[in-house]
Amino acid sequence: MDLKTIKTFQAIVISGSFNRAAEALNYAQSTVTMQMQRLETDLGCQLLERGKQISLTEAGRLFYEESLHIVKDMERLQSRLADLKIGEAGNVRIGVTDPTASYRLPQLLSSFMTQFPKVRVSVEIAGTAALSELLLRGEIDMAVCSAPELGKELYFEPLFTEEFVLLMPEEHPLASKENITPEDLRAHRLLITAVNCPYRKKLENVLQESGGAPVDTMEIGSMTALKYFVESGLGVALVPEIMLNPAPAGTVLRKLEGEMIDMTCGILCKLSDYPFKLASSRLYHFLKQELISTRIF
């Protein structure tokens, strides 16, 4: 028993004739007759009363009613499978670091899911190190983050640069300086992110290369919270510029001279998963097109 045979049976019931059903389906009448004989044999019961007029047996009425649901469900399944095959449907698990997770991704996903409403996307927000492990364990399909550590079986495609600026209270001593260097930061409290944050690691490398006395630091676990601590006068912080539109009241932005503190970001996945397939490929190409527009390297 297959879907075509069930549809043939339904056509006979609707038209009331083997001949008219054959014409509607563009089949030979012998084909329709053979399909019905095979169907009744497979089911082990008679569905149709043959004669001058075709009528349904009790088993036929039951089968017809249930077959309407079967055909509808099968057609829906075939459509979903076809969508899945061409990437129009499916599930994609994506990991994202801040500030992209908070300031870029919501609008991007809204646009993507308008174009591809049958694709379901779940989002995991974490740091690059944590997302790398999730990828290796197969718990997410891709990530938008900074470059991972070397030696992992991961593929990283750089797409854009996260630009950082110094945020400080407008009355801060450094606010009057036109050119601020890493050495200038040593005389003032610097608000930094968690120890495993790639942005903090890069900042520490810049400060180490400049030499001098240790920097007075205050650790803040959330990058998105840094600007509020600066607003309260607790220190200065290097903050992604995208988070400061507008900057908090009573604060000013300054560029840090010398070594580049900006971070290269892009799409990360398992080496064995690249190139992407199905719905993951749709999301990858969409994000690549949108994120690469901010490239400055």
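Just so we're clear, the structure is a prediction, and the values are computed from it rather than from any experiment. Counting restarts for each chain, with residues numbered from 1 along the sequence as it is written. Where local features are concerned, this predicted model is filtered to residues with pLDDT of at least 70; where side-chain atom pairs are given and counted, the filter is 80 or more; whole-chain, interface and lining totals use all residues. Heavy atoms from the whole structure form the basis of all side-chain values; hydrogens and water molecules are not counted.

Some thoughts on the sheet that holds strand β5 (residues 142–146)
In any sheet, the strands associate via hydrogen bonds between backbone groups, in a parallel or an antiparallel arrangement. What counts here: Pairing between two strands requires that DSSP report at least two bridges joining them. Helix and strand assignments come from DSSP, with helices taken as H or I runs of at least 4 residues and strands as E runs of at least 2, each series counted from the N terminus. Here an angle of 0 to 180 degrees is reported between the N-to-C directions of two axes, which are lines fitted to C-alpha atoms, with helices fitted over the stretch in contact. Whether two residues are in contact is decided by their heavy atoms, any of which lying within 4.5 Å being enough.
With mixed pairing, the 5 strands of this open sheet are ordered in space as β4-β3-β5-β12-β6. The open sheet has two edge strands, β4 (119–125) and β6 (154–162), and neither has a second partner. Going from strand to strand, the sheet's axes swing by 20° on average, the running direction of each strand aside. Two strands pair when backbone bridges link them, and β6 and strand β12 (residues 263–270) are joined in this way by 8 bridges, in the antiparallel orientation. For E162, the partnering residue across the bridge sits in β12 and is M263. Of the strands in this sheet, β3 (90–96) and β4 touch helix α6 (residues 105–115), which is tilted by about 170° from β4. Most of the contacts of helix α7 (residues 128–136) go to β5, to which it runs at about 155°, and overall it touches β3, β4, β5, β6 and β12.

Considering the pattern of salt bridges
Quick note on the threshold: Any carboxyl oxygen of Asp or Glu within 4 Å of a side-chain nitrogen of Lys or Arg constitutes a salt bridge here.
All chains considered together, the criterion is met by 12 salt bridges. In this structure, the salt-bridge partner of R189 is D216, at a minimum N-O distance of 4.0 Å. Taken as a pair, R189 in the loop between β7 (164–169) and β8 (190–192) and D216 in the loop between α8 (198–210) and β9 (217–219) lie far apart in primary sequence, 27 residues in all. With a closest N to O distance of 2.7 Å, R200 and E219 form a salt bridge. Of this pair, R200 sits in helix α8 while E219 sits in strand β9, placing them 19 residues apart in sequence. Among the charged side chains, a network of salt bridges with common partners joins R200, E204 and E219.

A look at the nonpolar core
The test is simple: Think of a nonpolar core as a cluster: buried Ala, Val, Leu, Ile, Met, Phe, Trp, Tyr and Cys residues, connected wherever their side-chain atoms sit within 4.5 Å. Burial classification: accessible surface area is computed with a 1.4 Å probe over protein chains only, and a residue below 20% of its type maximum counts as buried, one above 50% as exposed, and the rest as partly exposed.
Residues M142, V144, M168, L185, I267, L283 and L287 are the most contacted members of the largest nonpolar core, which totals 57 residues. In terms of residues, this core owes the most to one element, helix α10 (residues 278–291), which gives 6 residues. Of all hydrophobic cores here, the second largest spans 16 residues; its members include A22, M36, L39 and F63.

So, the packing of aromatic side chains
Put simply, the rule reads: Between the rings of Phe, Tyr and Trp (Trp by its six-membered ring), a pair exists once the centres lie within 6.5 Å; its type follows the angle of the planes, with under 30 degrees stacked, over 60 edge-to-face, and the other angles tilted.
What the rule picks out here adds up to 9 aromatic pairs. Here F112 and F116 contribute two aromatic rings whose centre-to-centre distance is 5.0 Å and whose plane-to-plane angle is 40°, an arrangement assigned as tilted. For F112, a relative accessible area of 0% corresponds to the buried category. Measuring from centroid to centroid gives 5.0 Å for F276 and Y284, while their planes differ by 40°, and the two rings are tilted. Comparing F276 with Y284 shows no difference in burial state: the two are buried. An aromatic cluster is defined as three or more aromatic residues linked by ring pairs; in this entry it consists of Y155, Y274, F276 and Y284.

Re the sheet that holds β8
Reading across the sheet, the 5 strands line up as β9-β8-β10-β7-β11 and stay open at both edges, with mixed pairing between neighbours. At either margin of the open sheet sits one strand with a lone partner, and together these are β9 and β11 (251–254). Between one strand axis and the next, the sheet turns by 35° as a mean value, whatever way the strands run. Summarising the sheet, β8 and β9 pair through 3 bridges and their orientation is parallel.

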